[in-house]
2 protein chains.
Amino acid sequence: MRRDDSGRNVCIGVVGLGFRGLPQLDVLLGMPDVEIAAVCDIYEDRVKMAQDHVEKARGKRPMGTLDYRELNACREIEAVVIMTGWTSHTAIAIDAMRKGKIVGMEVGGSASLEECWELVRTSETTGMPVMLLENCCYNREEMTLLNMIKKGVFGEIVHCQGGYQHDLRDEIGEGDKNRHYRQNQFLHRNGELYPTHELGPIAMYLNLNRGNRMVTLVSMASKAIGQHAWLQRHRPDSDLAQAVFRQGDVVTTMIRCANGETIVLTHDCTLPRPYSRGGRIQGLKGIWQEDNRSIYLEDRTPSDPSYWTHRWESDAPYMEEYLHPLWKEYVRDGLRGGHGGMDYLVLRAFLESIQQGKEFPIDVYDAASWMAITCLSEQSIAMGSMPVAIPDFTCGRFCCRKKREKDRYSLDDVYDDVFAQ
Amino acid sequence: MRRDDSGRNVCIGVVGLGFRGLPQLDVLLGMPDVEIAAVCDIYEDRVKMAQDHVEKARGKRPMGTLDYRELNACREIEAVVIMTGWTSHTAIAIDAMRKGKIVGMEVGGSASLEECWELVRTSETTGMPVMLLENCCYNREEMTLLNMIKKGVFGEIVHCQGGYQHDLRDEIGEGDKNRHYRQNQFLHRNGELYPTHELGPIAMYLNLNRGNRMVTLVSMASKAIGQHAWLQRHRPDSDLAQAVFRQGDVVTTMIRCANGETIVLTHDCTLPRPYSRGGRIQGLKGIWQEDNRSIYLEDRTPSDPSYWTHRWESDAPYMEEYLHPLWKEYVRDGLRGGHGGMDYLVLRAFLESIQQGKEFPIDVYDAASWMAITCLSEQSIAMGSMPVAIPDFTCGRFCCRKKREKDRYSLDDVYDDVFAQ
């Protein structure tokens, strides 16, 4: 990566201008050190809208194109940010790297191991780095939990859980919008379609790809009746109401790590429920759970000595006490961007890493291994919940890969001393 | 079974007089229609203590023996209640049936499929019925949830979760008490050791062995470090502090049912945590979760139409509205026995079924299939989380086995009309 040049402009091309791309383009336009040189989408109306938008904000109309290869070929672009539908991220990223571009990729699962390997190999051979823009790694709660874990509050970690549990029946059921990136996946696939929002933070808790790694997984899917029932009730006249959805309503995935920890993921998007990433962290000294916003710490939570009388306490005081220093600063300076502020932070991590020539906090090995969970879980389910090996995309180097440089955006450790007090 | 003769005396022999047996013996002695003719344990002091106890309560000293075969051979005994350590239940039950006794068995997992089959075959060939005394099936919350499910509140059920999540490090770590039934299991086994407290109620929710059944399971175990760390800290001088415990701290098991539902079980006994059976029920119309004591029902929970704004509500009003009629009556008449009253109810279900000549609400097929989860989960883990087939102990009859007779203790349906209003 280039040498440290904090604050310098980074010239960016944006591919994908839909529900995710447009709001993130806005976040980028809010950053004075970002220049948007080109925008791309397969729909012309979106490209025009984005061009108008950038021109209005910056006084200069960016290039617009329907062909990402054209955008990737732009001389002045240093980094390409990919926010298209799930199945096109890798192909666009590989083309961009081959054309000498740094890559920021939105999240999504992979449909084959081959594309994960190609992503890794292309980054290694071209020397161009890739960052997976997993916003939840920069969410307030997850960063604060990371801080607690790295400070030893939970002791050695043994088990983590998480989920993408989000009632999307309304969104998936929009029968007439053929531009939707999710609907076809639910019609034709059956697996842990969207693992990274919960797995990303867990990967940081467990030092995955830095002295630990995911070794094997098994997935199981429930029957798929939720989306169909919703359509029968709410859109009985749409063609989609007759369709057979293959994606199980609840898909559970168990993962075992090299150092013996287990991870359980839940994908749950087609039944009625409140949103939850279903977090749970268990270590030698205590447990935290998202759904009751509670914690139990053996040496701190008030408790009778009898094991029948352990009681949860609210996690609120701990969330305050251990607030991650990046978030302390962020709250003080004012939150920006969507999803509670994390969308802004993940893009800043991307941009400032580029400016300072530092390794990305979520690198190509993280991206490949997290994305691979999707296709591997599909394979496991297709074979009746057979265990499936998770490749080591570092080819053995995970054993002794060092932590990244000290940085405010680091996720493998928390460096209090890099923040102004 | 014998003909209806409500209120008549049932003459019982009790085998196993430890931490479970003694308190349950007390509950039995509180019932005027129960006679205790004999007691048995492998420890003489326990037998004497129980004999004294019965004599004091009833004025008549029961037979005492160290040999269950002697107890099972007692002419006057109609039913044997087995409350020994996990690994001896089946052998004692089989001997009892062969001697013409009805059997009530405390819960615990099986160590082999063979013993499950033998239990079933012996019951079938001798004609003697077996009831698994799973108290949690008669717990207030579980019965009330059963009532909600059978009244359609959650719609068609898709996914259930449960767990035996109980910090037992103190109990397992009692190095000098060689009479402990759990310690050796944690030293030498690795699996879902204790599935029935959560699986029993779920089996009722999902009509298992009555039109549905468990078809396959996969288990995964985390590393086993919790018990050792606890001993190193609290009993560093005990021999046990040097022992290697094989039981993973967190063991997760996924089960798929014939009708497409999934079940996830968690065994979690050697890390610090509050007690929880980790219940979760998901259907087409809503979700319930134990840890936040919350519910979301699509058509009832106040909610914005946007899927981002679904909010949990407390389950308390629903627990009141749908309180199971058996519990309504029980609360009115006064709770008795341990564990919040369920210990009493499960014994009443056993005794009244015998008096009235009705099928047991938890029969030998339920017992065998629930207990089998333990050895199957061990096999799955031993083979690297391979999927394992769960036998159909009904040999195909589960498809069209009918619901049991209307009864106040029924668990496959809820009969409001058998209760006085």
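Computed from a predicted model, the values in this text were never measured in an experiment.

The rules we used
- Residues numbered from 1 in each chain as written.
- Chains lettered and ligands numbered in written order.
- Predicted model: local features only at pLDDT ≥ 70, side-chain atom pairs only at ≥ 80, totals over all residues.
- Heavy atoms only, no water.
- Helix = DSSP H or I, 4+ residues; strand = E, 2+ residues; numbered from the N terminus.
- Expected span 1.5 Å × (residues − 1).
- Buried < 20%, exposed > 50% of the residue type's maximum accessible area, 1.4 Å probe, protein only.
- Least-squares fit on C-alpha atoms with pLDDT ≥ 70 in both.
- Contact = heavy atoms within 4.5 Å.
- Salt bridge = Lys/Arg side-chain N within 4 Å of Asp/Glu carboxyl O.
- Polar contact = N/O pair within 3.5 Å; in protein donor to acceptor, adjacent residues only side chain to side chain.
- Nonpolar A, V, L, I, M, F, W, Y, C, P; charged D, E, K, R; others polar.
- Axes fitted to C-alpha atoms, helices over the stretch in contact; angles between N-to-C directions.
- Parallel < 35°, antiparallel > 145°, perpendicular 65-115°, else oblique.
- Phe/Tyr/Trp six-rings, centres within 6.5 Å; stacked < 30°, edge-to-face > 60°.
- Pairing = 2+ DSSP bridges.
- Left-handed = near helix turned anticlockwise from the far one by under 90°.
- Disulfide = S-S within 2.5 Å.

A. Representation of helix α13 (residues 342-356) of chain B within the structure. Residue and element names in this part refer to chain B. Under the 1.5 Å per step criterion, the end-to-end length of α13 is 21 Å for 15 residues, consistent within 8% with the ideal 21 Å. For α13, the tally of buried residues reaches 15 of 15 residues, placing the bulk of the element in the interior. Positive backbone phi, approximately 65°, marks G357, located one or two places after α13.

B. Just the relation of the copies chain B and chain A, in detail. Superposing chain B onto chain A requires a rotation of 180° together with a translation of 0.0 Å along the rotation axis, leaving an RMSD of 0.0 Å. Each copy turns onto its partner about a two-fold axis. No C-alpha of chain B approaches the rotation axis more nearly than that of N292 of chain B, which lies at 2.3 Å. Taken together, the interface assignments show that 100% of the residues at the interface of chain B recur at the interface of chain A, consistent with an identical surface on both copies.

C. Spotlight on the environment of W312 of chain A. With respect to the element layout, W312 of chain A can be found in the loop between β13 (294-297) and β14 (313-314). Taking the C-alpha atoms as reference points, W312 of chain A and W288 of chain A, separated by 24 residues in sequence, lie 9.1 Å from one another. Those residues in contact with W312 of chain A that sit more than four places away from it in its chain are I287, Q289, N292, S294, I295 and Y296 of chain A together with R273 and P274 of chain B.

D. Molecular detail of the pattern of salt bridges. Residue and element names in this part refer to chain A. By the definition in use, this model includes 78 salt bridges over all chains. The salt bridge partner of R61 is E55, with a shortest N-O separation of 2.7 Å. For R61, a relative accessible area of 37% puts it in the partly exposed group.

E. View of the interface of chain B and chain A. The partner chain A presents 65 residues to the 65 residues of chain B that form the contact. Our enumeration of links across chain B and chain A arrives at twelve salt bridges. Across the pair R233 of chain B and E298 of chain A runs a salt bridge, and its minimum N-O distance is 4.0 Å. Linking chain B with chain A are 24 residue pairs in polar contact (both at pLDDT 80 or more), by the criterion used here. Listed by contribution, the elements that provide at least two residues to the side of chain B that touches chain A are β7 (157-165), α7 (169-172), β8 (214-221), α10 (226-234), β9 (250-257), β10 (262-268), β11 (280-283) and β12 (286-289) of chain B. Tallying contributions element by element places β9 of chain B first for the side of chain B that touches chain A, with six residues. Of the residues contributing to the side of chain B that touches chain A, the split by class is 25 nonpolar, 22 polar and 18 charged.

F. Representation of the packing of helix α5 (residues 113-126) of chain A against helix α14 (residues 364-382) of chain A within the structure. Residue and element names in this part refer to chain A. Packing of α5 against α14 brings their axes to within 8 Å, and their N-to-C directions diverge by 170°. Between α5 and α14, the interaxial angle falls into the category roughly antiparallel. For the pair α5 and α14, the contacting residues are L113, C116, L119, V120, S123 and E124 in the first and V364, Y365, A367, A368, M371, A372, C375 and L376 in the second. Here the residues of the contact of α5 with α14 sort into twelve nonpolar, one polar and one charged.

G. Highlighting the packing of aromatic side chains. According to the stated counting rule, one finds 16 aromatic pairs over all chains in the structure shown. Ring plane angle 65° and centroid distance 6.2 Å describe the contact between Y138 of chain A and Y409 of chain A, whose orientation is recorded as edge-to-face. Of the two residues, Y138 of chain A is situated in the loop between β6 (130-132) and α6 (140-150) and Y409 of chain A in the segment after β15 (388-389); the sequence distance between them amounts to 271 residues. Taken as a pair, Y138 of chain A and Y409 of chain A share a single burial class, namely buried. Ring centres of Y330 of chain B and Y344 of chain B lie 5.7 Å apart, and the angle between their planes is 10°; this geometry places the pair in the stacked category.

H. Focus on the sheet that holds β12 of chain B. All names here are of chain B. Spatially, β14-β13-β12-β11-β7-β10-β9-β8-β15 is the arrangement adopted by the nine strands of the open sheet, whose pairing is mixed. In this open sheet, the two edge strands, each paired with only one partner strand, are β14 (313-314) and β15 (388-389). Bridge count between β7 and β10: seven bridges; the pairing is parallel. Across the sheet, residue G163 finds its bridge partner in β10, namely T266. Contacting β7, β8, β10 and β11, helix α9 (residues 196-205) runs over the sheet at an angle of about 165° to β7.

I. The packing of helix α9 (residues 196-205) of chain A against α14 of chain A, seen in detail. Residue and element names in this part refer to chain A. At a closest axis distance of 10 Å, the pairing of α9 and α14 adopts a crossing angle of 135°. Considering their axes alone, α9 and α14 lie oblique with respect to each other. Note that α9 runs across α14; the crossing there is right-handed. On α14, the residues touching T196, L199, G200, A203 and M204 of α9 are D366, W370 and I373. Among the residues making up the contact of α9 with α14, the classes are represented as five nonpolar, two polar and one charged.

J. Focus on unusual backbone geometry. If you check the backbone angles, N207 of chain A has positive phi at about 60° while not being a glycine. For N207 of chain A, the location among the structural elements is in the loop between α9 and β8 (214-221).

K. Here's a closer look at the state of the cysteines. All names here are of chain B. Applying the stated criterion across every chain yields a total of zero disulfides over all chains. Of all cysteine sulfurs, the one in C74 lies closest to C11, which takes part in no disulfide; the gap is 8.0 Å. The class for C11 is buried, based on a relative accessible area of 9%. Looking at the unpaired C269, the closest cysteine sulfur is the one in C136, lying at 13 Å.

L. Focus on the sheet that holds strand β10 (residues 262-268) of chain A. Residues and elements named next belong to chain A. Strand order in the open sheet made by the nine strands is β14-β13-β12-β11-β7-β10-β9-β8-β15, with mixed pairing throughout. Since the sheet does not close on itself, it has two edges, and those belong to β14 and β15, each with one partner. Against the sheet, α14 engages β8, β9 (250-257), β10 and β15, with an angle of about 50° to β8.

M. Region of interest: helix α1 (residues 21-29) of chain A. All of the buried residues along α1 of chain A are G21, Q24, L25, V27, L28 and L29 of chain A. Considering only its buried residues, α1 of chain A is in contact with β1 (10-15), β2 (34-40), α2 (44-58) and α13 (342-356) of chain A.

N. Up close: the pairing of β7 of chain B. All names here are of chain B. The element β7 is extensively covered by neighbouring structure, given that nine of its nine residues are classed as buried. Pairing of β7 with β11, which is carried by four bridges, proceeds in the antiparallel orientation. The residue bridging I157 from the neighbouring strand is G283, located in β11.

O. Spatial organisation of the side chain of H89 of chain A. Residues and elements named next belong to chain A. In this structure, H89 sits in helix α4 (residues 89-98). Looking at H89, the relative accessible area reads 1%, which means it is buried. One polar contact links the side chain of H89 to the main-chain carbonyl oxygen of T84, over a distance of 2.8 Å. Filtering out sequence-adjacent residues up to four positions away, H89 remains in contact with I82, T84, M105, E106, V107 and G108.

P. Structural view of the pairing of β11 of chain B. Residues and elements named next belong to chain B. Every second residue of β11 is oriented toward a common face, with R280 and Q282 on one face and I281 and G283 on the other, all of them buried. Summarising the sheet, β11 and β12 pair through four bridges and their orientation is antiparallel. For I281, the partnering residue across the bridge sits in β12 and is W288. Hairpin connection between β11 and β12: a loop of two residues separates the two successive antiparallel strands.

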